[in-house]
Amino acid sequence: MAVSASKSFIPCVVSPRVVAEAIRAAKNRLLFCSPGITLEESAAIVEAGRRMDSQSIWIYLDNSASAC
């Protein structure tokens, strides 16, 4: 069986601080997918936007109450 060269996507639930640290550690691509966003996470995304190409950052938010 061949092993894929790309990493699998594994959704998980973590604290906003952990998410912000992961965002700050991103090198060339960022995908943020969440039912909402905290101030700490949004500040980390702004920082990432200053060092990465804006086309490399994707943000998906679901503002419906059922998503939470």
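Predicted, not measured: the structure shown is a model, and the values here were computed from it.

Some words on the overall build of the protein
And step 1. From N to C terminus, the protein includes two helices and two strands.
And step 2. Ordered by position from the N terminus, the helices and strands of the protein form the series α-β-α-β.
And step 3. Once local pairs closer than 6 in sequence are excluded, the contacts in the protein between residues at least 24 apart make up 58%.
And step 4. Summed over its atoms, the accessible surface of the protein is roughly 5600 Å², and 60% of this surface lies on carbon and sulfur atoms.

Considering helix 1 (residues 16-25)
And step 1. Of all the positions in helix 1, only Val-19, Ala-20 and Ile-23 are classed as buried. For helix 1, the buried positions fall inside an angular range of 100 degrees around the axis, keeping them on one side.
And step 2. Where the residues of helix 1 are buried, they touch strand 1 (30-34) and helix 2 (39-51).

Some thoughts on the packing of helix 1 against helix 2
And step 1. Running from amino to carboxyl end, helix 1 crosses helix 2 at an angle of 0 degrees, the nearest separation of the two axes being 9 Å. The angle between helix 1 and helix 2 places the two elements in the roughly parallel class. Residue-level contacts link Pro-16, Arg-17, Val-19, Ala-20, Ile-23, Arg-24 and Ala-25 of helix 1 to Glu-40, Glu-41, Ala-44, Ile-45, Glu-47, Ala-48 and Arg-51 of helix 2.
And step 2. Looking at the contact of helix 1 with helix 2 residue by residue, the class counts come to eight nonpolar, no polar and six charged.

Some points on the pattern of salt bridges
And step 1. In the structure shown here, the tally under the stated rule is two salt bridges.
And step 2. One salt bridge in this structure joins Arg-24 and Glu-47, with 2.9 Å as the shortest N-O distance. Highlighted residues: Arg-24 in helix 1 and Glu-47 in helix 2, separated in sequence by 23 residues.
And step 3. Taking relative accessible area as the criterion, Glu-47 reaches 34% and is therefore assigned partly exposed.

With respect to the side chain of Glu-41
And step 1. Along the polypeptide, Glu-41 turns up in helix 2.
And step 2. It is Arg-24 that comes nearest to the buried, bridge-free Glu-41 among opposite-charge side chains, at 9.8 Å.
And step 3. Residues contacting Glu-41, with those up to four places away along its chain left out, are Pro-16, Val-19, Ile-23, Phe-32 and Gly-36.

Conventions we followed
Residues numbered from 1 in each chain as written. Predicted model: local features only at pLDDT ≥ 70, side-chain atom pairs only at ≥ 80, totals over all residues. Heavy atoms only, no water. Helix = DSSP H or I, 4+ residues; strand = E, 2+ residues; numbered from the N terminus. Contact = heavy atoms within 4.5 Å. Areas by Shrake-Rupley, 256 points an atom, 1.4 Å probe, with all protein chains shown as cover. Buried < 20%, exposed > 50% of the residue type's maximum accessible area, 1.4 Å probe, protein only. Arc of directions from axis to C-beta. Axes fitted to C-alpha atoms, helices over the stretch in contact; angles between N-to-C directions. Parallel < 35°, antiparallel > 145°, perpendicular 65-115°, else oblique. Nonpolar A, V, L, I, M, F, W, Y, C, P; charged D, E, K, R; others polar. Salt bridge = Lys/Arg side-chain N within 4 Å of Asp/Glu carboxyl O. Lys, Arg positive; Asp, Glu negative; His and termini not counted.

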